Structure formats: structure tokens, C-alpha cells
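Notes for the structure review
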Amino acid sequence: MFGLIGHLTSLEHAQAVAEDLGYPEYANQGLDFWCSAPPQVVDNFQVKSVTGQVIEGKYVESCFLPEMLTQRRIKAAIRKILNAMALAQKVGLDITALGGFSSIVFEEFNLKQNNQVRNVELDFQRFTTGNTHTAYVICRQVESGAKQLGIDLSQATVAVCGATGDIGSAVCRWLDSKHQVKELLLIARNRQRLENLQEELGRGKIMDLETALPQADIIVWVASMPKGVEIAGEMLKKPCLIVDGGYPKNLDTRVKADGVHILKGGIVEHSLDITWEIMKIVEMDIPSRQMFACFAEAILLEFEGWRTNFSWGRNQISVNKMEAIGEASVKHGFCPLVAL
Ligand code: NDP
Ligand code: OCD
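What you are looking at is a predicted structure, and each value in this text was computed from that prediction instead of being measured.

Here's the deal with the sheet that holds strand S1 (residues 2-6)
Spatial ordering of the open sheet is given by S2-S3-S1-S4-S7, a layout of five strands whose pairing is mixed. The strands lining the two open edges of the sheet, one partner per strand, are strand S2 (40-48) and strand S7 (127-128). As defined by bridge partners, S1 adjoins strand S4 (residues 95-98) across four bridges and the pair is classed as parallel. Note that in S4 the partner of Phe-2 across the bridge is Ile-95.

Looking at the nonpolar core
The tendency in soluble globular proteins is for nonpolar side chains to be buried side by side. Of all hydrophobic cores here, the largest spans 68 residues; its most connected members are Val-158, Ile-218, Val-220, Met-291 and Phe-295. If you tally residues by element for this core, the top one is helix H12 (residues 293-304), at nine residues. Residue contributions to this core reach at least three from each of two domains, namely domain 1 (2-131 + 269-329) and domain 2 (133-266). If sequence neighbours within four positions are ignored, Phe-295 has contacts with Phe-2, Gly-3, Leu-4, Phe-45, Ala-97, Trp-276, Ile-278 and Met-279. Counting 39 residues, the second-largest nonpolar core is a separate cluster that includes Leu-65, Leu-82, Ala-84 and Phe-101.

Thoughts on the site of ligand 2
Near ligand 2 there are 18 residues, and of these Leu-21, Tyr-59, Glu-61, Gly-100 and Cys-294 occur at the shortest range. Taking Gly-100, its main chain carries an N or O atom lying 2.7 Å from an oxygen atom of ligand 2. Contact with the protein chains hides 96% of the accessible area of ligand 2, taken as 580 Å² for the molecule alone. Within the residue set of the shell around ligand 2, elements represented by two or more residues are helix H1 (11-21), strand S3 (54-61) and helix H11 (278-281). Split into classes, the residues belonging to the shell around ligand 2 amount to 13 nonpolar, four polar and one charged.

Focus on the packing of aromatic side chains
For any pair of aromatic rings, geometry is given as the distance between the ring centres together with the angle between the planes. Counted according to the given criterion, the structure contains 15 aromatic pairs. Taking 5.9 Å as the distance between ring centres and 80 degrees as the angle between the ring planes, the aromatic pair formed by Tyr-136 and Trp-174 counts as edge-to-face. With a gap of 38 residues between them, Tyr-136 in helix H7 (residues 131-149) and Trp-174 in helix H8 (residues 166-179) connect regions that are remote in the sequence. Comparing Tyr-136 with Trp-174 shows no difference in burial state: the two are buried. Taking NZ or CZ as reference, Lys-178 lies 5.0 Å from the ring centre of Trp-174, over its face.

Focus on the pairing of strand S12 (residues 240-244)
Judged by how many residues are buried, S12 sits mostly within the fold: five of five residues are covered. Going residue by residue along S12, you find Cys-240, Ile-242 and Asp-244 tucked away on one face and Leu-241 and Val-243 tucked away on the opposite face as well. Of the strand pairs in this sheet, S12 and strand S13 (residues 260-264) are connected by five bridges, and their pairing is parallel. Note on S13: the bridge partner recorded for Val-243 is Leu-263.

Here we look at the pattern of salt bridges
On inspection of all chains with the given rule, the structure shows 16 salt bridges. Asp-32 is paired through a salt bridge with Arg-73; the nearest N and O atoms lie 2.9 Å apart. Here Asp-32 is found in helix H3 (residues 31-36), whereas its partner Arg-73 is found in the loop between helix H4 (67-70) and helix H5 (74-90), with 41 residues between them in sequence. With a relative accessible area of 30%, Arg-73 lands in the partly exposed category. Overlapping salt bridges, with partners in common, bring together Asp-94, Glu-302 and Arg-307 in one network.

What about the pairing of S2?
The pairing of S2 with S3 spans eight bridges and is classified as antiparallel. The residue of S3 that forms the bridge with Asn-44 is Lys-58. Here S2 folds back onto S3 in antiparallel fashion, the turn holding five residues, of which Gly-52 has a positive phi close to 105 degrees.

Topic: the side chain of Thr-132
Here Thr-132 lies in helix H7. What makes Thr-132 buried here is its relative accessible area of 1%. Discounting chain neighbours no more than four positions away, the residues touching Thr-132 are Glu-297, Phe-310, Ser-311, Ile-317, Lys-321, Met-322 and Ile-325.

A few points about the packing of H7 against H12
Two measures define how a pair of helices packs: the angle their axes make with one another and the distance between the axes. Packing of H7 against H12 leaves a shortest axis separation of 7 Å and a crossing angle of 120 degrees. One way to sum up the angle between H7 and H12 is to call them oblique. For H7 against H12, the interelement crossing comes out right-handed. On the side of H7, the interface is formed by Asn-131, Thr-132, His-133, Thr-134 and Val-137, while H12 contributes Ala-293, Cys-294, Ala-296, Glu-297 and Leu-300.

Parameters and conventions
- Residues numbered from 1 in each chain as written.
- Chains lettered and ligands numbered in written order.
- Predicted model: local features only at pLDDT ≥ 70, side-chain atom pairs only at ≥ 80, totals over all residues.
- Heavy atoms only, no water.
- Pairing = 2+ DSSP bridges.
- Helix = DSSP H or I, 4+ residues; strand = E, 2+ residues; numbered from the N terminus.
- Core = buried A, V, L, I, M, F, W, Y, C linked by side-chain atoms within 4.5 Å.
- Buried < 20%, exposed > 50% of the residue type's maximum accessible area, 1.4 Å probe, protein only.
- Domains from an automatic or database assignment.
- Contact = heavy atoms within 4.5 Å.
- Near = heavy atom within 4 Å.
- Polar contact = N/O pair within 3.5 Å; in protein donor to acceptor, adjacent residues only side chain to side chain.
- Areas by Shrake-Rupley, 256 points an atom, 1.4 Å probe, with all protein chains shown as cover.
- Nonpolar A, V, L, I, M, F, W, Y, C, P; charged D, E, K, R; others polar.
- Phe/Tyr/Trp six-rings, centres within 6.5 Å; stacked < 30°, edge-to-face > 60°.
- Lys NZ or Arg CZ within 6 Å of the ring centre and 35° of its normal.
- Salt bridge = Lys/Arg side-chain N within 4 Å of Asp/Glu carboxyl O.
- Axes fitted to C-alpha atoms, helices over the stretch in contact; angles between N-to-C directions.
- Parallel < 35°, antiparallel > 145°, perpendicular 65-115°, else oblique.
- Left-handed = near helix turned anticlockwise from the far one by under 90°.

What follows is the structure, encoded as C-alpha cells:
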């Protein structure tokens, strides 16, 4: 059985969803309440592959909220993720994706040292960040979006915001080795990590956001931002392709300007319907078929019987592993969201 550990995008979102889903006791509560709320299994479902194979899964809501990081409720954030992992293990999930900030909190606060959660000894082999499939999907979206807009990748300047992250660095590796993109602009805050990435790639220009964005034909946003940012469409090149892979979305407001095209990054569509409720809550356009690529990674690992933490640690994602999970993705009927 596979699973996803997820969370909602803000306190406001959580309050609205709790009301709609029939958890009135959560609906009017502030951050303190969510800090002490236990994780819950809120959905059970079956997924069928185009090969005919059928598997069962569960969604575990961790009750983590991004405000726990912005308001320095770090102990609560850590508790949310560890408790959700213990619950996933207790209810028998063999492979579970750590969605959105779950894996970011796990890595940032080095939770591999905390493998004992009350009476549960966490078995990390049962968890995956889902980031290899997410990076693969984002790269395919870049390829497809560029083609639709007539942008030749070998002549393109690509800015990656969150370049030193797990997904961002994998995207850089793919775009460098498979397409030899003309320029890679590397954006993040920590200078040392940017220099390490530049050294690993043997290329890439380190830049701040304001300098990089006006030069870019393509912008990949994969920064771990608890809240989105606004950017002015006028300062961007036309055409410009933006693939926003963040959760919550990195771009707060749609950038409205002719010639600027935004793709919802890291989202896949399955070829068959799935009877679940959860994707309505995060406003997928086709909730019975569309989902986060990290979640799809857990599904693919279950279909393939790869019961291992396929994506783990930070900045270990190779192009070969992206190709392997990509093949499984196609085989079982998943397709990156590519319509502009
Ligand atoms: P990481 O923590 O590995 O990397 C985050 C990156 O963002 C780092 O390069 C970090 O560098 C950078 N960053 C953070 N804040 C800022 C900022 N204010 N300005 C510029 N750069 C910033 O995260 P992941 O790669 O695991 O995840 C990235 C995003 O993808 C997240 O939003 C996550 O929720 C989302 N995601 C989406 C999935 C999907 O299925 N669609 C699946 C998994 C994750 P520095 O700290 O030096 O600035
Ligand atoms: C990718 O990185 C994103 C993964 C996060 C997926 C989140 C999916 C959310 C699904 C809805 C959750 C319903 C929560 C109900 C909360 C009610 C109180 C217990």
C-alpha cells in the first residue's frame, strides 16, 4: 500500500477546508490549535495503471502549516512530520511520499536522527521525497512549453529559482546534460551552496532574482517559499515560459502580461480516473486525474514493487534516476501537465 503525507498551504486554507470537509472543531481555530492537532488519515483510494494493475493508497494529513516556519514554531513543525510518518507506518503504508514541506522540514532539521517516535521505530526505507519524479516532470514541462512557444533550448537562457535545492539542482543537471542550454542562471540565498553547484555543473551564473528574471527565456521556480512572491510581468522577456513547481505556489499572483506563459509545475495527469476527494481541495483542474508528481512517485514505486526510498537526502538526484522514474511514469499512464 502507498501513501502521501501532505499539508495545506496556509492557516486560512486549512480553516476553509476543515469547514468544507466536516471538521467544524478545526474550522475556527488559530495556529496554536493546528500546532497541537494530531495527524489523520483523511482519504483511502485505489489507483489503476494502464497496465491493468490496481493498488491501494491513503492520504495522511500532517496538520503542518507553512506559518509554523514563518512564525518559528519549529518544534511543532518537526512534531507534525515525525508523527505523520509514524502514523503512515502504523497504518501499513509500504511507501509514502513526503509531500511539499514535509521533506523540506525533514532535511532542514535533520530528522533522520529522530527515528524513534514513541513506540514506533521509523523505517526510512518506507519513505521517499518524491523529488526525482517531480524534477523529471518539471523538465518535461520545460521541454514541452519551450517547443510550444518556439524557444530553442540550446539557445535559451534558463533561470532556476531555488537552484541549489533538491529539485532545482536536478533540473539544472538535466537541462545542462540533455540540452546544453545556452545560459543557466542560478538563484538562491546561500552563496556557498550556489558556488558548490556551479562547481559541480562546471557552469552557471550566480545571480539575484532582479538581475536574472529580465534575461530569462524560461524561469523554473522551485524555491521552498512558505508564501508566494509577486513579479511584474513588464520586466520579463516575451515570450517567457514560467514553470512554477512550488507548493505552496511560488508565484502569489498570476503574472499578467502578454507573452508570459505559466505552467503549473510538478503536476501530472493520469490516464484513468481515481476516486479520491483530496485533489479537489488543492484545486486541480481535473481532480480525478491530476496530482502532485511527488505523490505519483509513491504510486509508481508501488506499481513497480520498488519498495525503497528512491528519492532521499539532498542533491543526490541523477539524470539516470530521473530517466528511470520517467519510464515508469509513462508505462503506468502518467503525463506531465503541458497545455499552456
Ligand atoms: P529544497 O529545500 O531542497 O530547496 C529549496 C531551494 O529554494 C534552495 O535552493 C533554497 O536555497 C531556495 N530558496 C528558499 N527560499 C528562497 C528565497 N526566498 N529566495 C530564493 N531562493 C530560495 O526544496 P525542494 O527542492 O525539496 O522543494 C522545492 C519546492 O518544490 C517547494 O516549494 C516544495 O514544496 C515543492 N515541491 C513540489 C512537489 C510537487 O509534487 N509538485 C514535490 C516536492 C516539492 P537558499 O535557502 O539558499 O535560498
Ligand atoms: C507536493 O509537494 C504537494 C503535496 C501536498 C499535497 C496536499 C494535498 C492536500 C489534500 C487535502 C487535505 C485535506 C485535509 C483536511 C484537513 C482537515 C483536518 C484534519
